[in-house]
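# Notes for the structure review
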Amino acid sequence: MKICIVDDAQFIRQILKDIFTSLGHQVIAEFSSASQLIENVEDLKPDIVTLDITMPDMDGLTATRILKNIIPDVKVIIISAISQPDIEKEAKKCGAYEFVRKPFSKLAIEHIIKQIEDEQNSKNGAIR
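Because the structure is a prediction, the values reported are computed rather than measured.

Within the chain, the regular secondary structure consists of five helices and five strands. When the elements of the chain are put in sequence order from the N terminus, they spell out β-α-β-α-β-α-β-α-β-α. Scaling as 2.2 N^0.38, a compact globule of 128 residues should have a C-alpha radius of gyration of about 14 Å, and the chain matches this with 14 Å. Counting all 128 residues of the chain, 42% fall into the buried class. Intrachain contacts of the chain at a sequence separation of at least 6 include 60% that bridge at least 24 residues. When the accessible surface of the chain is split by element, carbon and sulfur atoms take 51% of a total near 6,700 Å².

In structure tokens:
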């Protein structure tokens with residue numbers, strides 16, 4: 001799957017990139033702001049986007065709404081240190097596939113990716 005990572009912290013982008021590439025997925029772009037992603041998303045056509053909530057130019061919830069309008073099938077995973085039930089509920093309302101709290105484990109990310117892969121495989125009629 002093609003993945004875009006959006007987080008204003010470079011070390012978080014690197015950790016996520018290492019996890020995704022170790023799982024055999026392609027990180028096609030990394031951005032430090034949501035507006036950079038929005039500008040490029042139509043050309044990139046990612047399958048999955050990870051977004052932080054708190055970023056300098058646009059919050060992850062607003063970015064999720066915009067992304068889902070541009071590419072309805074994109075799976076948005078919100079990864080944030082802000083972990084209040086209201087925020088998580090709002091993220092789902094905006095179209096986020098999943099909400100992961102920082103600090104996160106590799107296992108948590110692997111689980112979500114496997115879930116997405118299983119859904120894609122069943123939708124495509126693949127048998128495991």
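Anyway, onward from the coordinates.
Pairs can form between side chains of opposite charge whenever their charged atoms are close. This model, assessed by the stated rule, comprises 10 salt bridges. One salt bridge connects Glu 30 with Lys 17, and the closest N-O pair in it is separated by 3.4 Å. Of this pair, Glu 30 sits in strand S2 (residues 26-31) while Lys 17 sits in helix H1 (residues 10-22), and the two are 13 residues apart along the sequence. Lys 17 sits in the partly exposed class, given a relative accessible area of 29%. The closest approach of N and O atoms between Lys 92 and Glu 98, which form a salt bridge, is 3.8 Å. Each of Asp 7, Asp 52 and Lys 102 takes part in salt bridges that share partners, so that together they form one network.

Let's shift gears to helix H2 (residues 34-44). Listed as buried for H2 are Ala 34, Leu 37, Ile 38 and Val 41. All buried residues of H2 lie within an arc of 100° about the axis, which places them on one face of the element. Among the exposed residues of H2, those pointing more than 90 degrees away from its buried face are Glu 39 and Asp 43. Structurally, H2 contributes buried residues whose contacts are with strand S1 (2-6), S2, strand S3 (48-51) and helix H3 (60-70).

Ordered in space as S2-S1-S3-S4-S5, the five strands form an open sheet in which the pairing is parallel. The open sheet has two free edges, formed respectively by S2 and strand S5 (98-101), since each of these has just one partner strand. If you compare each strand with its neighbour and ignore which way they point, the axes differ by 20° on average. In this sheet, strand S4 (residues 75-80) lies alongside S3 in parallel orientation, the contact comprising four bridges. Bridged to Ile 48 within S4 is Lys 75. Packing against the sheet, H1 makes contact with S1, S2, S3 and S4, and its axis sits at approximately 170° to S2. Strands in contact with helix H5 (residues 106-123) are S3, S4 and S5; relative to S4, the strand with the most contacts, it is inclined by about 170°.

Parameters and conventions
- Residues numbered from 1 in each chain as written.
- Predicted model: local features only at pLDDT ≥ 70, side-chain atom pairs only at ≥ 80, totals over all residues.
- Heavy atoms only, no water.
- Helix = DSSP H or I, 4+ residues; strand = E, 2+ residues; numbered from the N terminus.
- Rg over C-alpha atoms; globule rule 2.2 N^0.38 Å.
- Buried < 20%, exposed > 50% of the residue type's maximum accessible area, 1.4 Å probe, protein only.
- Contact = heavy atoms within 4.5 Å.
- Areas by Shrake-Rupley, 256 points an atom, 1.4 Å probe, with all protein chains shown as cover.
- Salt bridge = Lys/Arg side-chain N within 4 Å of Asp/Glu carboxyl O.
- Arc of directions from axis to C-beta.
- Pairing = 2+ DSSP bridges.
- Axes fitted to C-alpha atoms, helices over the stretch in contact; angles between N-to-C directions.

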